[in-house]
Amino acid sequence: MNDKILTWKDVINFVVNGSPTPDKRVEKTAEEWQELLTPEQYRVTRQKGTEKPNSGALCSVYDAGKYKCVCCNTPLFDSTIKFSSGTGWPSFTQPIKEKAIQYEKDTTFGMVRVEVMCNTCDAHLGHVFPDGPEPSGLRYCINSASMILDTE
């Protein structure tokens, strides 16, 4: 886990000045991603889709483990910082490490939000909001289809 707790100020700084440099990069063609992923995983992660609220397999799962990117297996979130936000999507207060997540301004649907992606492979994960619990105040609202839970 991070030694430093990320805050909304840090998130905005990443949006404005660029995300942290990832430890590694994974790049594939659209065809290669389609071969690896289910149609729903592809729609969410590669086409910036969103699951319907409360429809994701990981919404109500609170087993111990690490949530990894479904595309490249990069660890993204730890189960210890998952919480029930009541929004219908898995929610976390922090990434597993600062370099795991990429941040971009998202102005779709007439809103201004911060999109979060896997920093290793650019998979769309969801969005982060400044209305989470303390101490970070962050709520990473993540699509189940973009993650796998590794309980080992």
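Structure: see above.
Overview of the structure. Small disclaimer: the values here were computed from a predicted structure and weren't measured.

About the criteria used
- Residues numbered from 1 in each chain as written.
- Predicted model: local features only at pLDDT ≥ 70, side-chain atom pairs only at ≥ 80, totals over all residues.
- Heavy atoms only, no water.
- Pairing = 2+ DSSP bridges.
- Helix = DSSP H or I, 4+ residues; strand = E, 2+ residues; numbered from the N terminus.
- Contact = heavy atoms within 4.5 Å.
- Axes fitted to C-alpha atoms, helices over the stretch in contact; angles between N-to-C directions.
- Core = buried A, V, L, I, M, F, W, Y, C linked by side-chain atoms within 4.5 Å.
- Buried < 20%, exposed > 50% of the residue type's maximum accessible area, 1.4 Å probe, protein only.
- Arc of directions from axis to C-beta.
- Salt bridge = Lys/Arg side-chain N within 4 Å of Asp/Glu carboxyl O.

## Digging into the sheet that holds strand E3 (residues 82-83)
Spatially, the 6 strands line up as an open sheet ordered E3-E4-E8-E7-E6-E5, and their pairing is antiparallel. Because the sheet does not close on itself, it has two edges, and the strands there are E3 and strand E5 (101-106). Sheet topology places E5 next to strand E6 (residues 113-118); 6 bridges connect them, and they run antiparallel. Bridge assignment links Lys105 to a residue of E6, and that residue is Val114. Running over the sheet, helix H1 (residues 8-17) touches E5, E6, strand E7 (124-129) and strand E8 (139-142) and is turned about 75° from E5.

## Focus: the nonpolar core
Residues Leu76, Phe77, Ile101, Tyr103, Cys121 and Tyr140 are the most contacted members of the largest nonpolar core, which totals 32 residues. It is E6 that provides the largest number of residues to this core, a total of 3 residues.

## So, H1
For H1, the full list of buried residues reads Asp10, Val11 and Phe14. Take H1 and look down its axis: the buried residues cluster within an arc of 100°, on one side only. Facing away from the buried side of H1 by over 90 degrees, the exposed positions are Lys9, Val16 and Asn17. Of the surrounding elements, those touching the buried residues of H1 are E5, E6, E7 and E8. Positive backbone phi, at 105°, marks Gly18, one or two positions downstream of H1.

## Quick word on the pattern of salt bridges
Throughout the structure, instances matching the rule amount to 11 salt bridges. Notably, a salt bridge pairs Lys97 with Asp23, separated by 2.4 Å at the nearest N-O pair. With a gap of 74 residues between them, Lys97 in the loop between strand E4 (91-92) and E5 and Asp23 in the loop between H1 and helix H2 (30-36) connect regions that are remote in the sequence. Its relative accessible area of 37% is what places Lys97 among the partly exposed residues. Note on Asp23: relative accessible area 53%, which makes it exposed. Across the pair Lys48 and Glu115 runs a salt bridge, and its minimum N-O distance is 2.8 Å. Residue Lys48 is located in the loop between helix H3 (39-46) and strand E1 (66-69), and its partner Glu115 is located in strand E6; the two are separated by 67 residues in the primary sequence. Accessibility expressed as a relative area gives 44% for Lys48, which makes it partly exposed. Judged by its relative accessible area of 4%, Glu115 is buried.

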